[in-house]
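A closer look at the structure
Listed below, chain by chain, are the residues.
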Amino acid sequence: MATWGYMGLQDSASPLMEQLIFFHDHAMVVLILITTLVGYMMASLFFNSFINRFLLENQTIEVIWTVLPALILIFIALPSLRLLYLLDEVNNPSVTLKSIGHQWYWSYEYSDFSQLEFDSFMVPTEELGEAGFRLLDVDNRAVLPFNTQIRVLVSAADVIHSWTVPALGVKVDAIPGRLNQISFLISRPGLFYGQCSEICGANHSFMPIVVESVSVKSFLSWVTSSDEA
Amino acid sequence: MALTPLSRSALALTLRQLSRQHQQTAAASSLSKIGNRDVVGFGFNGQPSYADRIDFPMPAIRFKENTPDIMALREKEKGDWNKLTLEEKKALYRASFCQTFAEMKAPTGEWKSIIGISLIGASIAVWMYMWMKVYVYAPLPETLNPDRMEAQLKRMIDLRGNPVQGTSSNWDYSKGDWK
């Protein structure tokens, strides 16, 4: 989950997010390599006191600094394309969650077993408990089972919103009149936080998303008990 | 007034002389700015100007105007250089050039002013921020009080938040303390 002073990506709670983190780390290595190389070249030119007024062109170095970047780009492109196709893999979700964006809250619908619907409002800062996370905690969390393939259908009731949970590597725009589908699997139990990611009005910063990941058994008992409630 | 043939030829003669002088003075007027200094080469851009540059070591003109002393030395320079004293060699150099290479390349110490003024600018920015913090900004939310942050941190650890490389990965659950 997000915490103060975080510079990097949150630890993954989903296999796809794990792959995204690996790709990010790989691309970062390449970028550091390029930066070091260019920085070294700039530094050595800076401290060079030789003068050559007639330096005009050189075919060898032109070939080198055309081929080398192309090679480096291949090293980035291949893992990137692999991940791109991995994200679009077909799978067979067991649970479907509908997430509807409103101004300014989310509403969740579980229609697989029974018709369970509820709204999820942010807890105002004044009403937070001693250990409440400001701008992140909500009154009703979206409960989902872990180690289960989940389908989320995202839409909106008024303006465009965006449903995101960074730890799961998910960000889906909620567009009125449109159903966007995303599929993921949660690897571990816990609370995973996200915030609306498309400007939607005055309280755009105050409609967070919380996914509570529990065991399948707990999930089933929650769904049945909530429905009864 | 009408020109008589005599005055006309006299005028023509004067004009011819003037034009010749004009050619000479036209050449000279562009060089008149340099006074009595010899043009000794092309220089860095073809203009008769003097500049000390390490990439163009031979300027177009000599640095100083010719004096009888220097002309005498130039004559002596045409002979054996071993017969020139060090003072004479230096005088010949300084007549043609303003600075030596060592003087051209000598560090200026400008970097101290640059660093100093940049740091003064940065510190002015910091002073401005501090003024803003005291007089302009609203107070921070209560969730940033140390006791609230401690409670939130404990909750993060209990929730196993970021257990791979982040917060909870640094907590030893069996010991009940940081690793």
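What you see is a predicted model, and the numbers here were worked out from it, not measured in a lab.

Residues and elements named next belong to chain A. In spatial order, the strands read S4-S10-S9; together these 3 strands make up an open sheet with mixed pairing. If you trace the sheet from one side to the other, it starts and ends with strand S4 (142–145) and strand S9 (190–195), each paired once. The mean inter-strand angle of the sheet, taken between neighbouring strand axes irrespective of direction, is 25°. Of the pairings in the sheet, the one linking S9 to strand S10 (residues 208–214) comprises 6 bridges and is antiparallel in character. Counterpart to Tyr 193 in the pairing with S10 is Val 210.

With that out of the way, let us pick up the nonpolar core. Grouped together as the largest cluster of nonpolar side chains are 33 residues, with contacts concentrated most on Tyr108(A), Tyr110(A), Leu144(A), Trp163(A), Phe184(A) and Ile186(A). Among the elements that line this core, the one with the most residues is strand S5 (residues 149–156) of chain A, at 4 residues. Ile186(A) has contacts with Ala13(A), Leu144(A), Pro145(A), Phe146(A), Asn147(A), Thr148(A), Ile150(A), Leu168(A), Phe192(A), Val211(A) and Ser213(A), leaving out every residue within four places of it along the chain. Formed by 8 residues, the second largest nonpolar core is a distinct cluster that contains Phe133(A), Leu136(A), Leu191(A) and Met156(B).

What follows is about the UniProt feature "domain: Cytochrome oxidase subunit II copper A binding" (unreviewed entry) in chain A. Using the residue numbers shown here, the UniProt feature "domain: Cytochrome oxidase subunit II copper A binding" (unreviewed entry) corresponds to residues 92–225 of chain A. Counted over residues 92–225 of chain A, helix gives 7% and strand 45%. Its end C-alpha atoms are 26 Å apart.

What follows concerns the UniProt feature "domain: Cytochrome oxidase subunit II transmembrane region profile" (unreviewed entry) in chain A. Under the UniProt annotation, the feature "domain: Cytochrome oxidase subunit II transmembrane region profile" (unreviewed entry) is placed at residues 1–91 of chain A. Secondary structure within residues 1–91 of chain A divides into 67% helix and 0% strand; the distance between the first and last C-alpha atoms comes to 26 Å.

Take the layout of surface pockets next. All names here are of chain A. Estimates place the volume of the largest pocket at around 440 Å³. The wall of the largest pocket is formed by 22 residues, among which Leu 16, Leu 87, Glu 89, Asn 91 and Ser 183 lie closest to the centre. Counting residues per element, the ones that place at least two in the lining of the largest pocket are helix H1 (15–46), helix H2 (59–87), S5 and strand S8 (180–185). Looking at the lining of the largest pocket, the element that brings in the most residues is S8, giving 5 residues.

This paragraph deals with the domain arrangement of chain A. Interface size, as often reported, equals the accessible area lost upon joining of the parts. If you check the domain split of chain A, you get domain 1 (15–88) and domain 2 (95–228). When each unit is reduced to the centre of its C-alpha atoms, the spacing between domain 1 of chain A and domain 2 of chain A is 40 Å.

Across the contact, 23 residues belong to chain B and 22 residues belong to chain A. At the surface where chain B touches chain A, the tally comes to 1 salt bridge. When the shortest N-O distance is used, the salt bridge between Arg155(B) and Asp137(A) registers 2.8 Å. Viewed at the interface, chain A and chain B are joined by 13 residue pairs in polar contact (both at pLDDT 80 or more). Split by residue class, the side of chain B that touches chain A holds 11 nonpolar, 7 polar and 5 charged.

Here the focus is the pairing of strand S7 (residues 170–174) of chain A. All names here are of chain A. The side-chain alternation of S7 yields one buried face, formed by Val 170, Val 172 and Ala 174, and one unburied face, formed by Lys 171 and Asp 173. As judged from the 5 bridges shared by strand S6 (residues 161–165) and S7, these two strands associate in the antiparallel manner. Considered in S7, the bridge of Ser 162 is made with Asp 173. Remark: 4 residues form the turn of the hairpin made by S6 and S7, two consecutive strands paired antiparallel; Gly 169 in that turn has positive phi of roughly 70°.

Residue and element names in this part refer to chain A. One can describe the packing of H1 onto H2 by two numbers: an axis separation of 11 Å at closest approach and a directional angle of 170°. Taken together, the axes of H1 and H2 are roughly antiparallel relative to one another. On H2, the residues that touch Leu 16, Gln 19, Leu 20, Phe 23, His 26, Val 30 and Ile 34 of H1 are Ile 72, Phe 75, Ile 76, Pro 79, Ser 80, Arg 82, Leu 83, Leu 86 and Leu 87.

So, on to the pattern of salt bridges. All names here are of chain B. Under the defined criterion, the tally for this structure stands at 10 salt bridges over all chains. Among the ionic pairs, Lys 76 bridges to Glu 88, the shortest N-O distance being 2.9 Å. Here Lys 76, found in helix H2 (residues 68–77), pairs with Glu 88, found in helix H3 (residues 86–96); they are 12 residues apart in sequence, far enough to count as distant. On the accessibility criterion, Lys 76 (35% relative accessible area) is partly exposed.

This paragraph deals with unusual backbone geometry. Trans is the common state for peptide bonds, and a negative phi is the common state for residues other than glycine. All names here are of chain A. Cis geometry is adopted by the peptide bond preceding Trp 104, which originates at Gln 103 and carries an omega value of 5°. Here Trp 104 lies in the loop between strand S1 (95–102) and strand S2 (105–110). Despite not being glycine, Leu 135 has its phi angle at roughly 65°, a positive value. As for its position among the elements, Leu 135 is in the loop between strand S3 (116–120) and S4.

Attention now goes to the packing of H2(B) against H3(B). Residues and elements named next belong to chain B. One way to put it is that H2 packs onto H3 with a least axis distance of 10 Å and a crossing angle of 115°. As for how H2 packs across H3, the hand of that crossing is left-handed. Contacts between H2 and H3 involve Ile 70, Leu 73, Arg 74, Lys 76 and Glu 77 from the first element and Glu 88, Ala 91, Leu 92, Ala 95 and Ser 96 from the second.

In this model, helix H6 (residues 146–158) of chain B (13 residues) spans 18 Å end to end at C-alpha, consistent with the 18 Å of a helix rising 1.5 Å per residue. Within H6(B), the full set of buried residues consists of Arg148(B), Ala151(B), Gln152(B), Arg155(B), Met156(B) and Ile157(B). The secondary structure elements touched by the buried residues of H6(B) are S9 of chain A together with strand S1 (171–172) and strand S2 (177–178) of chain B. After H6(B) finishes, the residue Arg160(B) shows a positive phi value of roughly 55°.

The rules behind the values
Residues numbered from 1 in each chain as written. Chains lettered and ligands numbered in written order. Predicted model: local features only at pLDDT ≥ 70, side-chain atom pairs only at ≥ 80, totals over all residues. Heavy atoms only, no water. Pairing = 2+ DSSP bridges. Helix = DSSP H or I, 4+ residues; strand = E, 2+ residues; numbered from the N terminus. Axes fitted to C-alpha atoms, helices over the stretch in contact; angles between N-to-C directions. Core = buried A, V, L, I, M, F, W, Y, C linked by side-chain atoms within 4.5 Å. Buried < 20%, exposed > 50% of the residue type's maximum accessible area, 1.4 Å probe, protein only. Contact = heavy atoms within 4.5 Å. UniProt positions renumbered as here; feature names shortened; annotations may be inferred. 1 Å grid on protein atoms, 1.4 Å probe; cavity = no way out; pocket = protein on both sides within 12 Å on 5 of 7 lines; lining within 4 Å. Points joined across faces, edges and corners; volume = space filled by probe spheres on them. Domains from an automatic or database assignment. Salt bridge = Lys/Arg side-chain N within 4 Å of Asp/Glu carboxyl O. Polar contact = N/O pair within 3.5 Å; in protein donor to acceptor, adjacent residues only side chain to side chain. Nonpolar A, V, L, I, M, F, W, Y, C, P; charged D, E, K, R; others polar. Parallel < 35°, antiparallel > 145°, perpendicular 65-115°, else oblique. Left-handed = near helix turned anticlockwise from the far one by under 90°. Expected span 1.5 Å × (residues − 1).

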